[in-house]
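# Chain and residue survey
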Amino acid sequence: MSNLLQRATAGGHTSPHAMELADLASESVIVSDVHGVIRYWNAASEALYGWPAMAMVGQRVQTIGSLAHNGTDHFSALLREGRWEGVVHRRGLTGTEIVAAVRQIVRRDTTGALLDIVEFGRNAGSLSEAAYLRMDAELQSSLAASWELDTSAARPLLDAITEHRRSGITIDFDRHPDWVDKLLTTTRILAINDRAVRIFGAHAGYEQMIGQPIGAFWPAESRSVLATLLESVASDRTRLEISKMVLSGSLRNPVIKAWHSAEPKPPDTVFVTINGVTNDERTSWELQASENRYRRLVQYLPTALWQVDSRRAGEAFDQLKANGVRDIAGHLERNPDLVEHAKDVVRVTDVNLDAVSLFRAGNPADLIKPVRYIFAAAPGLAERVMVAHFEGRRNLIEETRVRAFDGSIIDVLFTVTYPVPPEQLDNTFITMQDISERLNAEQQLRKLQADFSHAGRIATLGELATSIAHEINQPLSAIVTNGETSLRWLARADQNTEKVTQLTSRIVSNARRASDIIHRIRGMAAKHEPEKRLINLNEVVEEALLFIRHDIDSKSIVLSASFGADLPKVLGDRIQLQQVIINLLVNSVQAIVQSGQPTRRIDAQTSIDDDGSVVFSVLDNGPGVPAANLARVFDSFFSTKDAGIGIGLAICQSIITAHGGRIAGANRPNGGAHFHFTLPVPTVAGPDSSGAGDIIR
Amino acid sequence: MGGWSSGHVSKRTGSPKMPLVAVVDDDEAVREALHDLLQVLGLACRTFDRAEAFMAEYVPNQFDCLITDVSMPGQSGVELQERLRELGSSIPVVIITADTSPATRARAMSGGALACLTKPVNDNVLLHHLQSVLNDAGNSRDDRRDTPPDE
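Residues numbered from 1 in each chain as written. Chains lettered and ligands numbered in written order. Predicted model: local features only at pLDDT ≥ 70, side-chain atom pairs only at ≥ 80, totals over all residues.

### Here's the deal with the overall build of chain B
Basically, it comes down to this: Runs of E in the DSSP output that reach at least two residues are strands. Runs of H or I that reach at least four are helices, and both are numbered from the N terminus. Exposure classification rests on a simple neighbour count of other C-beta atoms within 10 Å of a residue's own: a residue reaching 20 or more is buried, one at 12 or fewer is exposed, and one in between is partly exposed. C-beta atoms are placed from the backbone. Contact between two residues is assigned when their C-beta atoms, built from the backbone, lie within 7 Å.
The helix and strand inventory of chain B stands at 6 helices and 5 strands. Moving toward the C terminus, one meets the helices and strands of chain B in the order β-α-β-α-β-α-β-α-β-α-α. Taking all 151 residues of chain B together, 44% fall into the buried category. Sequence separation of at least 24 residues holds for 64% of the intrachain contacts in chain B that already meet a minimum separation of 6.

If you want it as structure tokens, here you go:
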């Protein structure tokens, strides 16, 4: 019938044909317009109220009284919610009061504009006041947050309390938190409607709420109110208790009703409803549209999203703060069970599609449960999330890992956004972005950079081949000569053991020296992943000079090296920094040699600049860099050398940039070039960070 | 081995006529090694870590032979030989170098080197060259010492 009505009124006017059908209905059907003016009054309405349709069409419904049972005008609630059910009192034709149980529905067109209001009504019969109340409460429960609770397990406690009451003691639950806890833990949820699921912070958490103690979801601030009501109606089955409650969040002036269920429900079943004006003045149609938009947005958001009810953690934090806990990190470290407990009581209440696919889950329900699974592959993360929450931070962002349900470990960017009053306190949002691809790309980039700088090192080693050969030939030469000398001593009649011992030990130390040089060269020639350690730049420069010393000597260049005292350590890859230093020095050597300068000088210096960064400088008295080229010297494939491919300085720049530093070249006022790079000094250097053992990639 | 040590000059006698060789090399290990080799060959030796140090103490005819490295900070061994020739010295010079390039070798030989040996030096080869110039070197040095350098 309602289908027919809808179809008939879709055009914006009521078809008489459809109305005739409604005439046959046994329920009263009344259609009124936006202003409450009756447009249609069926035969059953005539029978129920006594008034003929002729008399009523064109009148306002209020002319026969349409107040709800509690005496309030429910019209605004009707418009807001889109429907209303309850008991109304009307004046019949004969002047008698007629009590009707009615269901009113607001119909709107696709744009949300109000079409009409359709009311279905039936005689509520002649009942006791208490029965009317109960009927009204039951009818209105669909618009309330409604709970169906099983108190059977609480029965012994309820009986004990009733016993107390009989002995004349006033029961004040505020003074018996243990009773409240017991009562709310033993009373379990049998059923719950959507509104209650939503208001009590467990979006889509229906399955997870059923069978659970009411205490797990009931707001902390109203626990004793609920306990009082439960005790009251559980001990007197005829009672319907109404009370105000405190509820932070979406409802204004919430009213809580509780009553014992009638047959055929099991005897210990209690209904609890909570009614109130939502803080949002928008109509349910608008709210629903808005919520749908929001849900669609969230569902299809290209970021995995978790909605988490962290109120239990918030309550625990309030308690800890009240107990004087300030250093939450220390407290959690001493009480790891708090973290474990939180992983179980803080629950995921909703997730979107991306979250489902990120965790390789079958459907959202797999993810809607306590948050424990989120932290499975991220040691310490739960603690940090709790610390940030405790400290009232707005959010927490870190790169971490999660274990998906298929066991794979995924790198994610993990963000928590905490609710801040007056937002809905049950909504903590967690987002995760799969960054494994980005990390892969970074890994590839690092490898590419490593390959690039390796190629540069090989090229530099090639340029220094003569110098290196000389460097390694010296100890070998000494070894050969020492060996031959030993043999001569041994061949003599007057063997000189002391001398041979001395020569042999020189052979050993020179062989070591040769081996060290080879080790250094191998370090430069090897491919390696950059490894950042805390290093002393002076030592790096000294070692780099060993590679090029002979080259400088053989070209009659005077090298002066001055090392800044007490340089702070920097984070860097020793080989790569050596590469940069050698490269800058080689450039200076080559420039100086080309210039034909009679006195050839190179100064290599380390120091600290005004910003506290560590600086390495190479100054030469060569021809300098032509002004036109200065801006391009760090570009790839820029070279002024005949045989140069022009990657040396480009590699230097990429290495220094990867170290968070800067590299620059300039001409000196009196001729020659000045190249230098700076490296930042890490701000935090722990007491044991001076060790070469700590690697930071 | 060693015609020299079994030969003309006895180290033990500490004869004033024992030939004196100068060694110039910037590498301490090489200097020490050459010093000891010359010692077992029965030759007296003085070492210098660079050409400038040798020249600072230069006295004509002080040494019977000069063994020098090429590549050193400051003046190279080849330049040192050229400088000595400029000063009129005919001192036999043995160049020892790791640098095997023909250019270096050619420049050394054209500068009047007795030999240009590649490091590591073979002791017999070195001994052979030393023997060739130091036969009766003690005497000839003494003779030369009596002769004014500018003669």
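Following the structure, the description resumes.
### Brief notes about the nonpolar core
Just so we agree on the cut-off: Core membership is restricted to buried Ala, Val, Leu, Ile, Met, Phe, Trp, Tyr and Cys residues, and these are joined into a nonpolar core through C-beta atoms within 7 Å. Each domain's extent was defined by an automatic or database domain assignment.
Counting residues in each nonpolar core, the largest one holds 62 residues, and the members touching the most others are Trp147, Leu183, Leu230, Ala258 and Val270 of chain A. Element by element, the count of residues in this core is highest for helix H11 (residues 223-235) of chain A, at 7 residues. Residue-level mapping places this core at the junction of two domains, with at least three residues from each of domain 1 (2-126) and domain 2 (144-278) of chain A. Formed by 45 residues, the second largest nonpolar core is a distinct cluster that contains Ala478 of chain A together with Ala22, Ala29 and Val93 of chain B.

### Section: helix H22 (residues 574-595) of chain A
Residues and elements named next belong to chain A. Our working rule: A helix is expected to reach a length of 1.5 Å times the quantity of its residues less one.
The first and last C-alpha atoms of H22 sit 32 Å apart over 22 residues, in line with the 32 Å expected at 1.5 Å per residue. Counting buried residues in H22 gives 18 out of 22 residues, a clear majority hidden from the surface. Looking one or two residues past H22, Gly596 carries a phi angle of roughly 70 degrees, positive in sign.

### Some points on the interface of chain A and chain B
For the record, the criterion: All residues other than Ala, Val, Leu, Ile, Met, Phe, Trp, Tyr, Cys, Pro, Asp, Glu, Lys and Arg, Gly among them, are scored as polar; the first ten of these are nonpolar and the last four charged.
Each partner contributes residues to the interface: chain A has 23 residues there, and chain B has 20 residues. Of all the elements, helix H19 (residues 465-491) of chain A adds the most residues to the side of chain A that touches chain B, at 17 residues. Across the side of chain A that touches chain B, the residue classes break down as 8 nonpolar, 11 polar and 4 charged.

### Quick word on the confidence of the model for chain B
Residue and element names in this part refer to chain B. This is how it is decided: pLDDT is a per-residue confidence score from the predictor, ranging from 0 to 100.
Looking at chain B as a whole, its pLDDT mean stands at 81, while 78% of the residues score no less than 70. Every residue in residues 1-15 scores below 50 in pLDDT, and together they form 24 contacts with partners more than four places removed in sequence or on other chains. In the model, residues 137-151 has pLDDT below 50 throughout and makes 16 contacts with residues more than four positions away in sequence or in other chains. For this predicted complex, the interface confidence score (ipTM) comes to 0.81, while the overall pTM stands at 0.47.

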